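Descriptive analysis of the structure
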Amino acid sequence: MSRHSPLSQVSPLSLMGLALALSLAAAVSLGITRFAYGLLLPVMRTDLGWSYTLAGAMNTANALGYLLGALATPRLMQRLGAVTLLLGGALLASLFMGLSGFFTSAAPLLLQRLLAGVASAFIFIAGGLLAARMGALQPQRGGLLLGLYYGGTGWGITLSALAVPQVLTAASAVPHGWTWAWWLLAAVCGLATAVLWWPARRLRALSPAPVAGLSAPAATPFHWRPLAYALAGYGLFGVGYIGYMTFVIALLREQGVAPGAVTGFYALLGLAVVASARLWAGLLDRYRGGQALAILNTLLGVATVLPALTSSWAVVLVSGLLFGGVFLSVVASTTALVRHNLPAEQWAAGISAFTIVFAAGQIIGPTIVGWIADGPGGLSRGLVFSALALWLGALLAWRQRSLPQPV
């Protein structure tokens, strides 16, 4: 990365403003495009007569699309650049979310979830690379800038939690009234995409040439093996966390939690995601190996298992706050790991590698949890499986050591 990059002249406050605006990309790609489905799952399952296995397969299709998008992203990044890929992915995600409101058959809905996953990968990886570059300009604030970007997912979760139940209630007398929620979410994604033009324009103007370390081919090839323990731990994070985000709302409704309380639970979870940007910034800056990933995976496993053990509202609320306060920081921890251990020209390949194993884990998680939930023990037993996957991932990540730095 050039020491004389024009972006290095931007003030710390302006960089934080750019990171916050850029966080709308995370809000679209994960907070809305993926996680809003958990709010729609119970009513769609009832209306369409789905099993939990099929309901989980919808997020498995989304994760498969994310994996395909992650595999295509490095080549697209070289041809188009991070900014163009970010905006193009956001426009496509808005389109596919809207199309989900026009179908009731499982096959086209599965296809729409897959295509939305492809688009969300383009957005999330491109935004993460841009956030990593901003963080490298001010290493003392690198963890915070990454956290601000990834924490944007929380804004998407909170907005979905507040808006979707209102639309479902208003359209309850309309056949397949849940379709209106998809259209609302598509409109929100479109509005966020329009706002994203400002940070995108700013980043492009400040760095008109290809972004060093983001789209340029690496001088030396990236090898997965030195980061194998962290990659395995992150893959198991993908297996474990997605079961909670897919099914926790359905579990709360099964436990008889009032609709207003469910809305409050999910909104607070989203706000905890936003707060996590500051909460774990020091942890991401301090550790160069897999320690941060291991610690956060352990805490996430605790949050995941709590609703499976008790329906006590106080404990369930603690679960949501802890989960929201941790899970996107796990994602940020892998970007920090790449930034700490790899040269800038390998960042794109490194972040793509973590994204690929993350996506592979997400493909496995929802279907397995749904299959378990269809058997004895129901959703509670499925969340126990998710927690065990997270704890195994923590053990593997703990074994990851920092890589020797070139002399």
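Residues numbered from 1 in each chain as written. Predicted model: local features only at pLDDT ≥ 70, side-chain atom pairs only at ≥ 80, totals over all residues. Heavy atoms only, no water.

1. Notes on a nonpolar patch on the surface
Taken together, W155, L268, L271 and L321 make up a surface patch of nonpolar side chains, about 350 Å² in accessible area. Relative to the elements of secondary structure, L268 occurs in helix α9 (residues 259-279). The partly exposed category is assigned to L268, whose relative accessible area is 36%. (Patch = residues over 30% accessible without salt bridge, like charges linked within 9 Å, V, L, I, M, F, W, Y side chains within 5 Å. Areas by Shrake-Rupley, 256 points an atom, 1.4 Å probe, with all protein chains shown as cover. Salt bridge = Lys/Arg side-chain N within 4 Å of Asp/Glu carboxyl O. Helix = DSSP H or I, 4+ residues; strand = E, 2+ residues; numbered from the N terminus. Buried < 20%, exposed > 50% of the residue type's maximum accessible area, 1.4 Å probe, protein only.)

2. Description of the confidence of the model for the chain
For the chain, mean pLDDT is 84; residues scoring 70 or higher make up 90% of the total. Across residues 206-216 the pLDDT falls below 50, and counting only partners more than four positions away or on other chains, this stretch makes 21 contacts in the model. (pLDDT = per-residue confidence, 0-100. Contact = heavy atoms within 4.5 Å.)

3. Things to note about the packing of aromatic side chains
Enumeration according to the criterion identifies 18 aromatic pairs in this entry. Between the aromatic rings of Y234 and F237, the centroid separation amounts to 5.5 Å while the plane-to-plane angle is 10 degrees, which identifies the pairing as stacked. Pair noted here: Y234 and F237 are both in helix α8 (residues 228-254), with a separation of 3 residues, about one helical turn. With a relative accessible area of 2%, Y234 lands in the buried category. We classify F237 as buried; its relative accessible area is 0%. When the centroid spacing of 5.7 Å and the interplanar angle of 10 degrees are considered together, the rings of F237 and F358 count as stacked. With F237 in helix α8 and F358 in helix α13 (residues 347-373), this residue pair connects regions lying 121 residues apart in the sequence. Put simply, the rings of F35, Y66, Y234, F237, Y241, Y244, F323, F327, F354 and F358 touch in pairs and so form one group of aromatic residues. Just above the ring of Y66 sits the side chain of R34; from NZ or CZ to the centre is 4.7 Å. Directly above the ring of Y52 sits R45, whose terminal nitrogen or CZ lies 3.7 Å from the centroid. (Phe/Tyr/Trp six-rings, centres within 6.5 Å; stacked < 30°, edge-to-face > 60°. Lys NZ or Arg CZ within 6 Å of the ring centre and 35° of its normal.)

4. Looking at the side chain of S94
With respect to the element layout, S94 can be found in helix α4 (residues 82-99). Polar side-chain contacts of S94 include one of 3.3 Å to the backbone nitrogen of G190. If sequence neighbours within four positions are ignored, S94 has contacts with A186, C189, G190 and T193. (Polar contact = N/O pair within 3.5 Å; in protein donor to acceptor, adjacent residues only side chain to side chain.)

5. Side note on the layout of surface pockets
In this model, the largest pocket occupies a volume close to 390 Å³. In terms of lining residues, the largest pocket is bounded by 19 residues, among which V43, P165, L168, T169 and R253 are the most central. Looking at the lining of the largest pocket, the elements with two or more residues in it are α2 (37-48), α6 (142-170), α8 and α9. Per-element accounting of the lining of the largest pocket gives the leading share, 4 residues, to α6. For the lining of the largest pocket, a count of residues per class yields 12 nonpolar, 5 polar and 2 charged. (1 Å grid on protein atoms, 1.4 Å probe; cavity = no way out; pocket = protein on both sides within 12 Å on 5 of 7 lines; lining within 4 Å. Points joined across faces, edges and corners; volume = space filled by probe spheres on them. Nonpolar A, V, L, I, M, F, W, Y, C, P; charged D, E, K, R; others polar.)

6. Section: the packing of α8 against helix α12 (residues 313-341)
Packing of α8 against α12 leaves a shortest axis separation of 11 Å and a crossing angle of 150 degrees. By the angle between their directions, the pair α8 and α12 is classed as roughly antiparallel. Seen along the crossing, α8 lies across α12 with a hand that is left-handed. Residues A230, Y234, F237, Y241, Y244, M245 and L252 of α8 form the contact with α12, whose participating residues are V316, S319, G320, F323, F327, V330, V331, T334 and L337. Tallied by class, residues from the contact of α8 with α12 come to 13 nonpolar, 3 polar and no charged. (Axes fitted to C-alpha atoms, helices over the stretch in contact; angles between N-to-C directions. Parallel < 35°, antiparallel > 145°, perpendicular 65-115°, else oblique. Left-handed = near helix turned anticlockwise from the far one by under 90°.)

7. A short note on unusual backbone geometry
One non-glycine residue with positive phi stands out, namely H176, at about 55 degrees. Topologically, H176 is positioned in the loop between α6 and α7 (179-206). Residue classification places H176 among the partly exposed residues on the basis of a relative accessible area of 32%.

8. Some details on the packing of α8 against helix α14 (residues 378-398)
At a minimum axis distance of 8 Å, the contact between α8 and α14 shows a crossing angle of 160 degrees. Taken together, the axes of α8 and α14 lie roughly antiparallel to each other. Between α8 and α14 the crossing geometry is left-handed. Of the residues assigned to the contact of α8 with α14, the class counts are 18 nonpolar, 6 polar and 1 charged.

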